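Each chain, letter by letter, is given below.
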Amino acid sequence: ELLQKLGKMEEKQRTLEASLSKSKEVEADRSTMQDAVKQLTERYEAISEEKAELLKKLSAMDESFCQMQATAIAAENDRAQLEQQVDAMIAEGAAGQAEMAR
């Protein structure tokens with residue numbers, strides 16, 4: 001009878017040892033998962049910061065582009081005005097030559 005009890009106790013001990021081993025594996029897996037989550041969180045934060053910086057740069061580039069567009073429009077307007085002035089001067093010169101020819 002004692003041998004049976006001893007056998008059952010040994011069986012329980014093996015079961016407990018196996019359970020403890022499995023618990024250690026689960027704990028190691030949990031720790032690994034926590035580390036992975038921490039790394040992913042840090043990477044997400046870094047990407048968020050990079051995104052914010054890129055958005056600032058994009059906004060600055062957009063503003064610069066708008067300023068260049070405004071400058072180009074102003075230059076085109078100046079060119080058109082100069083062209084009109086030259087046309088007027090040519091017309092005045094032609095009228096003056098016609099008058100001198102008379």
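Further up the page is the structure itself.
Fair warning: this is a prediction, and the values are worked out from it, not measured in the lab.

K.L.:
I'd like a description of the overall build of the protein, backed by residues and values.
P.N.:
When helices and strands are counted, the protein shows 1 helix and 0 strands. A compact globule built from 102 residues should have a C-alpha radius of gyration of about 13 Å, whereas the protein, at 43 Å, is more than 25% larger. Taken along the three principal axes of its C-alpha coordinates, the protein extends 150 × 15 × 10 Å. Buried residues in the protein amount to 0% of all 102 residues. Accessible area for the protein stands at about 9,800 Å²; split by element, carbon and sulfur atoms hold 60% of it. Side chains of the protein give 14 positive and 21 negative charges; the mean places of these two sets differ by 16 Å.

K.L.:
Explain the pattern of salt bridges to me, and be specific about the residues and the numbers.
P.N.:
Inspection of the entire model under this criterion finds 7 salt bridges. Its salt-bridge partner being Arg14, residue Glu11 comes within 2.9 Å of it at the nearest N-O pair. Here the residue Glu11 and the residue Arg14 both occupy positions in helix α1 (residues 2-101), the gap between them amounting to 3 residues, near one helical turn. Under the relative-accessibility criterion, Arg14 is labelled partly exposed at 45%. A salt bridge links Glu25 to Lys22, with the nearest nitrogen and oxygen atoms 3.9 Å apart. Taken as a pair, Glu25 and Lys22 lie in helix α1 at a separation of 3 residues, close to a single helical turn. What makes Glu25 partly exposed here is its relative accessible area of 43%. Here the residues in one salt-bridge network are Glu76, Arg79 and Glu83, joined through shared partners.

Cut-off values and rules
Residues numbered from 1 in each chain as written. Predicted model: local features only at pLDDT ≥ 70, side-chain atom pairs only at ≥ 80, totals over all residues. Heavy atoms only, no water. Helix = DSSP H or I, 4+ residues; strand = E, 2+ residues; numbered from the N terminus. Rg over C-alpha atoms; globule rule 2.2 N^0.38 Å. Buried < 20%, exposed > 50% of the residue type's maximum accessible area, 1.4 Å probe, protein only. Areas by Shrake-Rupley, 256 points an atom, 1.4 Å probe, with all protein chains shown as cover. Lys, Arg positive; Asp, Glu negative; His and termini not counted. Charge placed at Lys NZ, Arg CZ, Asp CG, Glu CD. Salt bridge = Lys/Arg side-chain N within 4 Å of Asp/Glu carboxyl O.

No statement about biological role is implied by the geometric values presented.
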